[in-house]
Amino acid sequence: MTDLWSLFLSAAFVDNMPLTLFLGLCTFLALSKRPESALGLGIAMTGVLGVTVPLNWLIYRGLLAPGAWTWAGMPELDLSYLSLIAFIGVIAATVQLLEMLLDRFFPAVHASFGVFLPLLTVQCAILAGSLFMVDRSYGFSESVVFGLGSGLGFAVAVVMLGAIRGRLAYADLPAGLRGLGIAFILTGLMSLGFASFAQMAMSQ
Amino acid sequence: MTEILLGSLVIMGLVVGLAMGLLAFRSRLLPSGDIGLDVNDRMHLRAKRGVRLLDVLHGFDIPIPAACGGKGTCGLCRVTVLGDGAGTPQATERGVLSPRERRAHVRLACQTTLSGDCAVWVPDGILSAGSGFACTVASARMLAPLIREIVLNMPDDRLSTFRAGDFMQITAPAYRLDFATLELPEPFREPWEIAGWSEMRVSSEAAVTRAYSLANRPEDAGTAVFNIRLAVPPPGRETEIPPGLVSSWLFTVNPGDSVTASGPFGDFHVRPGTREMIFVGGGVGMAPLRAMIHQELAGGTDRRIRYFYGARAAADLFYSEEFEALARQHKHFSWRPALSDPAPGDRWTGASGFIHEILQAEMTRHASPEECEYYLCGPPVMISAVLATLQRLGVEPDAIFYDDFGA
Amino acid sequence: MAARIDFWATLTDPLLRQNPVTLQILGICSALAVTTSLATALTMSVSLTLVLTLSAVLISLIRRHIPDTIRLIVQIVIVASLVIVIDQILQAYFAEISRALSIYVGLITTNCLVLGRTEAYARHHAPVPAAVDAFGNGLGYSLILLTLGGVRELFGRGQLFGWQAFPLADAGGWFTPLGLMLLAPSAFFLLGGLVWAIRSWRVEQTEALEHVPPARTMTVE
């Protein structure tokens, strides 16, 4: 249990997707101009990561991993190189399914951040979640925790950046730094802050 | 070999399985079938779920104006929608509609996707206008390199409701055009050659409708006068962006041809009162302002009227003699044309500069610019520059009326 | 009509004037993570440029046959297949770099730059201009990646491509490595500074103010 908890914390803070692993930066920067849209993106990310990582774990273990076909008499078969295509397919389908479910049962939620869902199909952080799961050979429960943790970490980071940038809209910045330039520097500063989590984990 | 086969099978199985699963869920989750739509409590329409309100209304011959072609920028397709089926306003609508309009359930028909039953209210004039009527072209002439004046003969029962500032919708059928075949009068041939407009080609597969302001003077009763500017693509992008579908077609019509139009519609009108009126126009923003000025002067108004009109060079300036004559005739009317980029051969002695600069120069000398009413019509860039100038002059927004022809 | 497309402009525009990374925020996800050393940055640049160009050509070839509704899926599948090939090649011949790049090669699949170019350009153009455009964008991306990688490796370790450019203080030289350069924040700072530099030089890329300050009250007369 404590292992899972520490995995959750490390996925959310130490290995924060946008700030320390540079994942999902395109949407991270594009949608953090306002806190509201940042929150929507964060929630969508948590939901999609929490679903796709365990789902891809099942697909990978059941169909693609070396030895998955032992029961069919082909223990040496290794289809793991197909995981990229399979993962992308699963992610695209999940995103579409989530969108339909939300539209049907929670129209208000769908209206407020449904627009971000289709974007997440081609989001590096989502795919990276599944790839890390394979790379680090997580078990099923670990993959659930890892998915939720990284999603939450992304949400925290993007909401914080959104809040800061909302304030900066009125700041008198040098022209060349306006928008993207200052967003990078802010992200760098936040990343410095998150780097201290890594120190905490080490000193434990 | 088995590996290749099995690998392909796995991927295919996965993709097919996911697609089937999605489709199954979709049919379970999203109810299909038609939805009901009440229009003005009088008409009851049935439409497919998930289509745009604008398309439904157009499909039932309710000619909601849409100058921008359904991109959500012109704001002409405002309708009132009640019912859950219309969803919540999109981000595009929030830019166009005021908070008061949004509270009153006003939506842009082109941005509203129908997912359930709802009730719609459109202006009564539009509902009775029908799908448009056929007019014949009375005359057509080039006014400037890209501007053509087209006069349509109206059917007898039309135009009785015309007010200066109104617009009409013109529908272009499917057509193909090679601009090289266009016959241009001599003085305009050279700018066309230089800009390479003669090499453009355009084709349109379906009927397209756009809105154009009327430029009628009182003596034009029984006809509809339009100033049509050919919407050419920005320089250097001729291969990517086609020229305007309806304006290109209108450059091909000749006297005697038939044109389908509907209207007139509009809410850009002169407000009654006694305040001084300032008109600011650019390009084909001429049309509604010309109609308003003529209507006011012919009505014997004693309000002071100033007309600022901006063009690029002398070739782009049209109706100039007409307004000079009006200014000579009426002491309280003044005509202030300005060229932003006079050509060397223009022998231009009038004002040079952008029209908002000329406006600012004259109005800062005015005793009380905030006491005047402002009517603006022109390209969006001009409108925003003039609005900024007026703000600096201390003019309240409710004294400014404008139409940026939805570009 | 300008039927002849200006190949030179298509190729060189994305280098600075229309750089995909600094102007359009495309493809930075991977751009930052692999820039701790020049070798990984170079591998990533080459892989991405290859995938980008090949996918642009392939999609441009079949552009008239893809139904509009499923075009995104088709594009993703093509890109993913190309990435798998590149990944397998790297694993086979450059095992060490492949390990250093970890999952980032796989993430080329979802690199917004690749999909962005196929969606925006290759889908509407013939194979040759599409390839030129993709190659130009790949070069623009590589330029940023190599600049960042060079700076970070030089100041972080005193090395260039693993060759000791600055003698280290530990080994009797004068250079003390800046540990920060190898950490994540420095990548953001450097890229932010780079964007600033490019936009100060190319003023037209500056972003518009989101809120226009109220006009100053003008005294008339």
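Only a predicted model underlies this, so the values are computations on that prediction, with no experimental measurement involved. (Residues numbered from 1 in each chain as written. Chains lettered and ligands numbered in written order. Predicted model: local features only at pLDDT ≥ 70, side-chain atom pairs only at ≥ 80, totals over all residues. Heavy atoms only, no water.)

Asks: Would you take a moment to explain the nonpolar core for this structure?
Replies: Generally speaking, soluble globular proteins have nonpolar side chains that are buried together. If you look at the biggest cluster of nonpolar residues, it comprises 118 residues, and the most contacted ones within it are L23, F28 and L29 of chain A together with I28 and L107 of chain C. In terms of residue count, helix α4 (residues 35–64) of chain A provides more of this core than any other element does, 11 residues in total. Leaving out residues up to four positions away in the same chain, I28 of chain C has contacts with L25, C26, L29 and F184 of chain A together with V21 and L191 of chain C. Core analysis: the second largest hydrophobic core is formed by 36 residues, L146, A172, L177 and V259 of chain B among them. (Core = buried A, V, L, I, M, F, W, Y, C linked by side-chain atoms within 4.5 Å. Buried < 20%, exposed > 50% of the residue type's maximum accessible area, 1.4 Å probe, protein only. Helix = DSSP H or I, 4+ residues; strand = E, 2+ residues; numbered from the N terminus. Contact = heavy atoms within 4.5 Å.)

Asks: Help me understand unusual backbone geometry in this model?
Replies: In terms of backbone geometry, most residues other than glycine have negative phi values and most peptide bonds are trans. Residue and element names in this part refer to chain A. You will see that F22, though not glycine, has its phi angle at about 60°, which is positive. Following the sequence through the fold, F22 ends up in the loop between α2 (17–20) and α3 (25–30). Although it is not a glycine, S137 sits at a positive phi angle of roughly 40°.

Asks: Explain the pairing of strand β16 (residues 333–339) of chain B here, please?
Replies: With 6 of 7 residues buried, β16 of chain B lies mostly within the body of the structure. The parallel pair strand β15 (residues 305–311) of chain B and β16 of chain B is bridged by helix α9 (residues 320–329) of chain B, and the resulting crossover is right-handed. (Right-handed = clockwise from strand over helix to strand, strands pointing away.)

Asks: Hey, could you run me through the sheet that holds β16 of chain B in this one?
Replies: Through backbone hydrogen bonds, the strands of a sheet pair up, either in parallel or in antiparallel fashion. Residue and element names in this part refer to chain B. Spatially, 6 strands are ordered β17-β16-β15-β14-β18-β19 in an open sheet, and the strand pairing comes out parallel. The open sheet has two edge strands with one neighbour each: β17 (351–352) and β19 (400–403). Where strand β18 (residues 373–377) meets β19, 4 bridges bridge the pair, whose relative direction is parallel. In the strand pairing of β19, Y374 is matched with I400. (Pairing = 2+ DSSP bridges.)

Asks: Where do I start with a nonpolar patch on the surface in this structure?
Replies: Residues M1, I4, L5, L9 and M12 of chain B make up a contiguous nonpolar surface patch of about 590 Å² in total accessible area. With respect to the secondary-structure elements, M1 of chain B resides in the segment before α1 (2–29). (Patch = residues over 30% accessible without salt bridge, like charges linked within 9 Å, V, L, I, M, F, W, Y side chains within 5 Å. Areas by Shrake-Rupley, 256 points an atom, 1.4 Å probe, with all protein chains shown as cover. Salt bridge = Lys/Arg side-chain N within 4 Å of Asp/Glu carboxyl O.)

Asks: Just checking my understanding: could you explain the interface of chain C and chain A for this structure?
Replies: Where the parts come together, the accessible area they lose is often given as the size of the interface. Taken residue by residue, the interface counts 41 residues in chain C and 43 residues in chain A. In total, about 3600 Å² of surface goes out of reach between chain C and chain A, with carbon and sulfur atoms giving 78% of it. Together, I103, T110 and F188 of chain C form the three largest contributors to the area buried by chain C at its contact with chain A, with a combined 18%. At the surface where chain C touches chain A, the tally comes to 0 salt bridges. Counting the contacts that link chain C with chain A gives 1 residue pair in polar contact (both at pLDDT 80 or more). Mapped by element, the contributors of at least two residues to the side of chain C that touches chain A are α2 (28–33), α4 (71–93), α6 (112–120) and α8 (184–201) of chain C. Examining the composition of the side of chain C that touches chain A, we find that 10 residues originate from one element, α8 of chain C, more than from any other. (Buried area = accessible area lost by both parts, 1.4 Å probe. Polar contact = N/O pair within 3.5 Å; in protein donor to acceptor, adjacent residues only side chain to side chain.)

Asks: Explanation requested: the UniProt feature "transmembrane region" (unreviewed entry) in chain B in the structure shown.
Replies: Per the UniProt record, "transmembrane region" (unreviewed entry) is annotated on residues 6–25 of chain B. With 100% helix and 0% strand, residues 6–25 of chain B has its two end C-alpha atoms placed 28 Å apart. (UniProt positions renumbered as here; feature names shortened; annotations may be inferred.)

Asks: Looking at this structure, how should I read the packing of aromatic side chains?
Replies: For any pair of aromatic rings, the description rests on two quantities: the centre-to-centre distance and the angle between the ring planes. The final tally for this structure, using the stated rule, is 23 aromatic pairs over all chains. Measuring from centroid to centroid gives 4.8 Å for F323 of chain B and W335 of chain B, while their planes differ by 20°, and the two rings are stacked. Remark: W335 of chain B occurs in strand β16 and F323 of chain B occurs in helix α9; sequence separation between them is 12 residues. Of the two residues, F323 of chain B and W335 of chain B, neither departs from the other in class, the shared state being buried. Taken together, a centroid distance of 5.1 Å and an interplanar angle of 45° make the contact between F166 of chain C and W174 of chain C tilted. One aromatic cluster in this structure is built from Y307, Y309, F318, Y319, F323, F333 and W335 of chain B. Directly above the aromatic system of F132 of chain A lies the positively charged group of R136 of chain A, at a separation of 4.2 Å from the ring centroid. The aromatic ring of Y319 of chain B is capped on one face by R290 of chain B, whose charged end is 3.8 Å from the ring centroid. (Phe/Tyr/Trp six-rings, centres within 6.5 Å; stacked < 30°, edge-to-face > 60°. Lys NZ or Arg CZ within 6 Å of the ring centre and 35° of its normal.)

Asks: I keep staring at the interface of chain A and chain B and nothing clicks. Help me out?
Replies: Tallying the contact residues gives 23 residues for chain A and 15 residues for chain B. Both sides together, the interface formed by chain A and chain B hides about 1600 Å², and carbon and sulfur atoms give 87% of it. Counting the surface chain A buries against chain B, the share from its top three residues, L97, M100 and R104 of chain A, is 29%. Taken together, the connections running from chain A to chain B amount to 0 salt bridges. Across the contact surface, chain A and chain B share 0 residue pairs in polar contact (both at pLDDT 80 or more).

Asks: Got a minute to help me understand the state of the cysteines in this structure?
Replies: A covalent bond between the sulfur atoms of two cysteines is what we call a disulfide. Applying the stated criterion across every chain yields a total of 0 disulfides over all chains. In this model C110 of chain B remains outside any disulfide bridge; the closest cysteine sulfur is found in C77 of chain B, 3.6 Å from its own. (Disulfide = S-S within 2.5 Å.)

Asks: Explanation requested: the UniProt feature "transmembrane region" (unreviewed entry) in chain C in the structure shown.
Replies: Residue and element names in this part refer to chain C. Under the feature "transmembrane region" (unreviewed entry), the UniProt entry names residues 45–62, 74–94, 100–118, 130–151 and 171–198. Structurally, residues 100–118 is divided into 47% helix and 0% strand, and its ends, taken at the C-alpha atoms, are 28 Å apart. Its end C-alpha atoms 32 Å apart, residues 130–151 is made of 100% helix and 0% strand.

Asks: What am I meant to see in the sheet that holds strand β3 (residues 78–82) of chain B here?
Replies: Residues and elements named next belong to chain B. Strands sit in the order β2-β1-β5-β3-β4 across an open sheet of 5 strands; the sheet is mixed. Edge positions in the sheet fall to β2 (43–48) and β4 (106–108), since each of these pairs with one other strand and no more. Each strand axis lies, on average, 40° off the axis of its neighbour in the sheet, ignoring direction. Here β3 pairs with β4 via 3 bridges, running antiparallel. Pairing of R78 across the sheet is with L108, part of β4. (Axes fitted to C-alpha atoms, helices over the stretch in contact; angles between N-to-C directions.)

Asks: What is the right way to look at the pattern of salt bridges in this model?
Replies: Charged atoms that come close allow side chains of opposite charge to pair. Residue and element names in this part refer to chain B. Per the stated rule, a full pass over the model turns up 15 salt bridges over all chains. Of the charged contacts, one joins E205 and R176 as a salt bridge, the two residues approaching to 4.0 Å between their closest N and O atoms. Placement of the pair is E205 in the loop between β10 (201–204) and β11 (208–213) and R176 in strand β9 (residues 175–178), with a sequence separation of 29 residues. A salt bridge links E276 to R306; the nearest nitrogen and oxygen atoms lie 2.5 Å apart. Of the two residues, E276 is situated in the loop between β13 (258–265) and β14 (277–282) and R306 in strand β15; the sequence distance between them amounts to 30 residues. Of the two residues, E276 and R306, neither departs from the other in class, the shared state being buried. Connected via shared salt-bridge partners are E276, R306, R336 and E362.

Asks: Sorry, what's going on with the pairing of β10 of chain B here?
Replies: Each regular strand displays side chains that alternate between the two surfaces of the sheet. Residues and elements named next belong to chain B. Side chains of β10 alternate between two faces, with V202 and S204 buried and R201 and S203 left unburied. As judged from the 4 bridges shared by β9 and β10, these two strands associate in the antiparallel manner. Along β10, the bridge assignment pairs D178 with R201.

Asks: Just to check I follow, could you spell out the side chain of Q169 of chain B for this structure?
Replies: Mapped onto the elements of the fold, Q169 of chain B is located in strand β8 (residues 167–172). Setting aside residues no more than four positions away along its own chain, Q169 of chain B makes contact with P63, I64, P65, A66, T209, R210, A211, T260, A261, S262 and F265 of chain B.

Asks: I'm lost on helix α7 (residues 127–157) of chain C in this one. Help?
Replies: At 3.6 residues per turn, the α-helix brings residues three or four places apart onto the same side. If you check α7 of chain C, its first and last C-alpha atoms are 43 Å apart, about what 31 residues at 1.5 Å a residue would give, namely 45 Å. Phi turns positive, to about 75°, at G158 of chain C, one or two residues after α7 of chain C. (Expected span 1.5 Å × (residues − 1).)

Asks: Which parts of the structure should I look at to understand the environment of L186 of chain A?
Replies: Residue and element names in this part refer to chain A. Following the sequence through the fold, L186 ends up in helix α9 (residues 180–203). Distance in space between the C-alpha atoms of L186 and L161 is 7.5 Å, their sequence separation being 25 residues. Those residues in contact with L186 that sit more than four places away from it in its chain are L161, I164, R165 and L168.

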